[in-house]
Amino acid sequence: FLNRYTAEAPKWLNEGLAEYFEGWRMTPEGTLVEKRTNLFDLKLLQGCLNDGKFLRPRELVAFTRDEFDDFKKNHPELHPYLHYATAWSLLWFSLESSEDKRDRARVLEYLKRLCSVGENARFEVKDWDDFEARWKKAVLALTAEPVEAVDYVLLAGGYQEDDDWEAAAKLFEGALAKDPKLAGARFELGYC
């Protein structure tokens with residue numbers, strides 16, 4: 001969508017949408033089975049919120065492309081992947097879990113404005129304190145536990161990228177307990 005209709009989407013939106021769709025469960029043919037959260041992003045973000053070391057959505061949506069790309073360098077006190085998880089959660093909350101229909105409408109309107117005015121479009125929230133309080137409550141209420149073998153693998157992949165080999169190995173073991181013939185799980189477990 002972004003490549004076709006606008007080349008000026010901010011990096012947080014582009015990556016947030018990528019993370020949003022990564023959590024979905026699909027058939028091999030590409031049919032949607034279930035809209036699901038991105039387990040690694042959710043688990044990471046919940047930990048950061050509970051520790052009080054998180055990125056506020058109002059700060060995220062103000063990032064330039066360079067600020068998004070340089071997040072790790074500019075925010076060494078925060079988890080280096082937190083901006084991706086926050087981008088995912090902002091979209092997931094607005095599109096899937098908010099009880100306020102205006103949150104979903106805000107994202108859709110923002111996409112329309114991006115197509116018409118490009119980089120001058122702004123993700124506008126009138127009361128950021130209220131929005132962020134509802135966002136935080138919704139994120140903390142979500143379940144971040146794997147259920148199926150593929151959940152374990154997806155979550156393990158996040159821990160691998162985070163260089164947490166012990167956590168990744170335990171998750172690959174969990175995947176194999178659910179499905180001993182799961183392709184690639186033994187290799188990844190051995191790698192960990």
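To start, this report covers the structure provided alongside it.

Some remarks on the packing of helix H10 (residues 149-161) against helix H11 (residues 165-178)
Now for step 1: Closest axis-to-axis distance for the H10/H11 pair is 8 Å, and the angle between their directions is 165°. When the interaxial angle is binned, H10 and H11 end up roughly antiparallel. Viewed along their axes, H10 and H11 form a crossing whose handedness is left-handed. Facing Ala149, Tyr152, Val153, Leu155, Ala156, Tyr159 and Gln160 of H10, the residues of H11 in contact are Trp165, Ala167, Ala168, Leu171, Phe172, Gly174, Ala175 and Lys178.
Now for step 2: Among the residues forming the contact of H10 with H11, the class breakdown is 12 nonpolar, 2 polar and 1 charged.

Overview of the layout of surface pockets
Empty space among the atoms becomes visible once a probe the size of a water molecule is rolled across them.
Now for step 1: Roughly 550 Å³ of volume is contained in the largest pocket.
Now for step 2: Around the largest pocket sit 26 residues that line it, and Thr37, Asn38, Leu39, Phe40 and Leu154 are the ones nearest its centre.
Now for step 3: At the level of elements, helix H2 (11-22), helix H3 (39-51) and H10 are the ones that each hand at least two residues to the lining of the largest pocket.
Now for step 4: Counting residues per element, the lining of the largest pocket draws most heavily on H10, which supplies 6 residues.
Now for step 5: As a volume, the second largest pocket reaches approximately 290 Å³.
Now for step 6: Lining the second largest pocket we find 18 residues, and of these Glu8, Pro10, Phe63, Glu119 and Arg122 sit closest to its centre.
Now for step 7: Elements with a contribution of two residues or more to the lining of the second largest pocket: H2 and helix H8 (101-117).
Now for step 8: For the lining of the second largest pocket, the class distribution of residues is 11 nonpolar, 2 polar and 5 charged.

The rules behind each value
Within any chain, residue numbers begin from 1 and follow the written order of that chain's sequence. Where local features are concerned, this predicted model is filtered to residues with pLDDT of at least 70; where side-chain atom pairs are given and counted, the filter is 80 or more; whole-chain, interface and lining totals use all residues. Values shown for side chains rest on all heavy atoms present in the structure; no hydrogens or waters enter the calculation. Where helices are involved, their axes are fitted lines through C-alpha atoms of the stretch in contact, as for all axes, and angles between N-to-C directions lie from 0 to 180°. Per the convention used, a helix needs a DSSP run of H or I reaching at least four residues, while a strand needs a run of E reaching at least two, with both numbered from the N terminus. Orientation labels follow simple angle bins: below 35 degrees gives roughly parallel, above 145 gives roughly antiparallel, 65 to 115 gives roughly perpendicular, and whatever is left gives oblique. Definitions for this section: a left-handed crossing has its near helix turned counterclockwise from the far helix by less than a right angle. A right-handed crossing has that turn clockwise. Here, residues are in contact when the closest pair of their heavy atoms is within 4.5 Å. Under the scheme applied, nonpolar residues are Ala, Val, Leu, Ile, Met, Phe, Trp, Tyr, Cys and Pro; charged residues are Asp, Glu, Lys and Arg; polar residues are all the others, including Gly. A 1.4 Å probe that fits into a set of points on a 1 Å grid over the protein atoms alone but cannot get out defines a cavity; an open set with protein on both sides within 12 Å along at least five of seven lines defines a pocket, and lining residues are those with an atom within 4 Å of a point. Grid points are joined across faces, edges and corners, and a volume is the space filled by probe spheres set on the points.

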